[in-house]
Amino acid sequence: MKKNLLILFITIMGITNIKAQENLTYQLPPESILQLADYQRAPTVTIDSHKKYMLLSYHDTYKSLDDLNQQEISLAGLRVNPVTNISSSMSYISNLKIRKVSGDEPIQIKGLPAKPRIAYLTWSPDETKVAFTHTTAEGLELWVMDFATAQATRLTEAVANANLGNPLNWYRDSRTLLVRLIPGNRPALIDPKKALPAGPTISVSDGSKAQNRTYQDLLKNPSDEANFIALTTAELYKVDLNGNKTLFKSADIYAGENFSPNGQYLLINTIQKPFSYIVPLSRFPQRYVIYDLNGKEVKTVTEVPLTEVLPKGFMAVRKGKRNLNWRSDVPSTLFFVEALDEGDPKKETEFRDAVYTWKAPFDKKPELLIKSNLRFSHIIWGYATTAVLQDEWYDTRQVKSYLFDPSKPGAAPRVVSDRNYQDVYSDPGDFETRKNEYGKYILTIDNNRIFRIGDGFTPKGQFPFIDELNLRTLKTKRLYQSVYTDKMEEIFDIMDVTKGEVLVRIQSKNEYPNYYIRNLKKRIAPLQLTYFPNPFESIKNVYKELIKYKRADGVELSGTLYLPAGYDRKAKNEKLPLLIWAYPAEYKDKNSAGQSTANPNEFTFPYYGSFVYWVTRGYAILDDAAFPVVGEGKTEPNDSFIEQLVSNAKAAIDAMDSLGYIDRTKVAVGGHSYGAFMTANLLTHSDLFACGIARSGAYNRTLTPFGFQSEQRNYWEAPEVYDAMSPFMHADKMKTPMLLVHGEADNNPGTFTLQTERYFQALKGLGGPARMVILPKEQHSYVARENILHLLWEQDQFLEKYLK
């Protein structure tokens, strides 16, 4: 690899004696880490609902820095390439193969473009074809692939517009597509740096409270507005399989097109003015209209106003119709939701939401179908007389599921489950669905039974299951439960209820995840479908164990322990340095906080988001260490955030020390995003660690004044909490070596790159030992091979210096 691709400007303070900036070309990590990081990803597997074909989608393991070094424009929460007209952060598929489920060798798709950059795979309703986009240097092409011939064909020139997402939809006939294309008269973009303003930019507060989160990439001026319109405006065309195009709707800002199940109606939503400079495009005005297949307007469903102001709280929603969609179980009936509490979580009402249905031809008023006690989540439609509704409430972590009869509007539903959604040990699983005659997913119903597939987490381990639920009695019967204690089984789909065939994926810590068909009615071994090899053979002899321990207040904790291959666990002659990787999570009760979703039999998959690589360098690793923050009753978790972080950390180190494996004076902690925030606080408020690595975090909570993570209170309601939790406010106390890393182009709400830059400046000014690395072109997650390998080198150098 060329080491002179780009120079990193790495600011250093307190860990070397050289000057403040170090000019350094890209570096490679040690060989033991490099051979793990430099691997080829296995393909993603998709199987059609008839269980006839498997589609194998291949991705490059990493992007290149050149992939990131493209034109980009940021507007209204979007980041797009104005030349190619697709998201600038799109991860592309580089190859496609197919295989019959009952076959052997994959078949290479013929006719694919040279160096494919494939996105938006969209199956036809009859599942005989897949449409997709291909990104060229000039723009976006539309392609289609036929399963029967294994042949790909281009349908359009590079004129598709995916700046607002997937630009294509299949008609019901599976022979025609509805596609967003760039208008021929698109205006040239305005360079905001060169445009001469006609006046100042003015925003007004009229006294209404608009407590919005810290959004990035918002519109800032009239030039941005003009560019937003230019980039998002499209024309809708009908495109047949021969590439013939017919204009369906003239130019507009199309944000979504959704055919009714029978394909006779089309629900289109468009973005309207006025735009906003304080919220992203999802809260711009929108107009929802139903059209027939000739493009004639049938009904205006709703016109949503600009939503800059919402009540406070995670359960707040806007007034008016929302969640508009088609019922999937009937030909052409729309449903939508309206808040009965005006969208304000603080208002006490018996029912929070109401669900309405509206039948074609939409010449009568919508009909009230059902009301929900909590905030509406979703509906899984079944037959005309059976559906499942789920509602939820964040503050109590409550989630409820109900069975109801859509043919009897207003009839009382029957509660199927009512639980704390963070109580994973009580999770009854997700309802199984299948495709109906319209190609839409509905409940799988057989002989008056519906089915649920559960993850099966228990205090003794993970044992996934399939349950049937009797629709008359609501009694549950277990049909299958995995009994593996040396492997991990995931249940994906009931392929055939009558035959008892189930699609599963089986893996172990050394066996790469592969797909199998398990037969629940025959005592035979699962039939293996895929044979993906283990790309990480060099760590197959690493020791791996799920350890459980308690913190001082009795909360159960856990983490996955890794020890170097060959380490003598009996003699324990060598005390190892320890690396802890974690991410805090908020809970409302200690019972849920103490539950574990880790499985020691999960395949060991090292990647840059953990410390597992360093087990090859002689370190003990505690990966995904539990760091719960609990606030029971009216107490909020963040009221004692620091104390609980330190207690979690001490419990982890005590547990590892009691096993006799580690030198507790040589412990490092690390995390990404909120885990970086955790790391900075632990180094500031405890003496448990020799060093820490904090990546892409936020360190000054006054820069996110209207809430962050799971905090719903604003800064002025809880200033002492915001200040206490902000490492920036306590930078004078941070005396432990810390490696700070951030992507140069982070667009995650709240974790903009300025957070790390200002925190580092504070540490430098106060004499805190820190090193800051800004990775060029990277957003919140890192994707370029050059940057990731250099990051691994940085971390290795840092850890070797302060722990070895």
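Worth saying up front: this structure is predicted, and the values here are computed from it rather than measured.

**Q** Which residues make up the overall build of the protein chain, and what values do they have?
**A** From N to C terminus, the protein chain includes nine helices and 52 strands. Expected size for 804 residues packed as a compact globule is a radius of gyration near 28 Å; at 28 Å, the protein chain falls within 12% of this value. Expressed as lengths along the three principal axes of its C-alpha atoms, the size of the protein chain is roughly 75 × 75 × 60 Å. In the protein chain, which comprises 804 residues, the share counted as buried stands at 56%.

**Q** Lay out the sheet that holds strand 26 (residues 375-381) in plain terms, naming residues and giving numbers.
**A** Spatial strand order, 26-27-28-29: four strands in an open sheet with antiparallel pairing. Here the strands that pair on one side only, and so sit at the sheet edges, are strand 26 and strand 29 (414-420). Across the sheet, the mean angle separating the axes of adjacent strands is 15 degrees when strand polarity is ignored. Sheet topology places strand 27 (residues 387-393) next to strand 28 (residues 398-404); seven bridges connect them, and they run antiparallel. By the bridge assignment, glutamate 392 is partnered in strand 28 with valine 399.

**Q** I'd like a rundown of helix 8 (residues 754-766), residues and numbers included.
**A** Taking 1.5 Å of rise per residue, 13 residues should cover 18 Å, and helix 8 covers 18 Å from first to last C-alpha, within 8% of that figure. Looking only at helix 8, the buried set comprises Gln755, Thr756, Tyr759, Phe760, Ala762 and Leu763. Considered in projection along helix 8, the buried side chains sweep an arc of 160 degrees and stay on one side of the axis. Among the residues trailing helix 8, glycine 767 stands out with phi positive, at a value near 80 degrees.

**Q** Explain the nonpolar core residue by residue, including any values.
**A** Ranked by internal contacts, the top residues of the largest apolar core, which has 61 residues, are Tyr549, Ile580, Leu622, Phe627, Phe689, Met738 and Tyr759. Considering every element that reaches this core, the biggest residue donor is helix 5 (residues 641-658), with nine residues. Setting aside anything within four residues of it in sequence, one finds leucine 622 in contact with Ile547, Tyr549, Gly559, Thr560, Leu561, Leu578, Leu579, Ile580, Trp581, Ala652 and Met656. Core analysis: the next-biggest nonpolar cluster, separate from the first, contains 49 residues, Val101, Cys691, Tyr782 and Leu789 among them.

**Q** Provide a residue-level description of the side chain of serine 417, including the pertinent values.
**A** Secondary-structure assignment places serine 417 in strand 29. Given the relative accessible area of 15%, serine 417 is considered buried.

**Q** Lay out the sheet that holds strand 41 (residues 514-519) with the relevant residues and their values.
**A** The strand order 39-40-41-42 describes an open sheet built from four strands, whose pairing is antiparallel. A strand with exactly one partner marks an edge of an open sheet, and here the two such strands are strand 39 (488-496) and strand 42 (527-528).

**Q** Residues and numbers for the confidence of the model for the protein chain, please.
**A** Summary statistics for the protein chain give a mean pLDDT of 95 and a share of 97% for residues scoring 70 or more. Note that pLDDT drops below 50 for residues 1-18; the model gives that stretch 56 contacts with residues more than four away or on any other chain.

**Q** Now, about unusual backbone geometry: what can you tell me, with residues and values included?
**A** In the segment running from lysine 273 into proline 274, the intervening peptide bond is cis, with an omega of 5 degrees. Structurally, proline 274 is set in the loop between strand 19 (265-271) and strand 20 (286-292). Of note, the bond from alanine 360 into proline 361 is cis; its omega dihedral lies within 30 degrees of zero at 10 degrees. The topology assignment puts proline 361 in the loop between strand 24 (353-359) and strand 25 (367-372). Phi at asparagine 85 is positive, roughly 60 degrees, even though this residue is not glycine. Relative to the elements of secondary structure, asparagine 85 occurs in the loop between strand 6 (78-81) and strand 7 (86-87). Phi at lysine 777 takes a positive value of approximately 70 degrees, unusual for a residue other than glycine. When you line up the elements, lysine 777 lands in the loop between strand 52 (770-775) and helix 9 (785-803). Judged by its relative accessible area of 35%, lysine 777 falls in the partly exposed class.

What counts, and where the lines are drawn
Residues numbered from 1 in each chain as written. Predicted model: local features only at pLDDT ≥ 70, side-chain atom pairs only at ≥ 80, totals over all residues. Heavy atoms only, no water. Helix = DSSP H or I, 4+ residues; strand = E, 2+ residues; numbered from the N terminus. Rg over C-alpha atoms; globule rule 2.2 N^0.38 Å. Buried < 20%, exposed > 50% of the residue type's maximum accessible area, 1.4 Å probe, protein only. Pairing = 2+ DSSP bridges. Axes fitted to C-alpha atoms, helices over the stretch in contact; angles between N-to-C directions. Expected span 1.5 Å × (residues − 1). Arc of directions from axis to C-beta. Core = buried A, V, L, I, M, F, W, Y, C linked by side-chain atoms within 4.5 Å. Contact = heavy atoms within 4.5 Å. pLDDT = per-residue confidence, 0-100.

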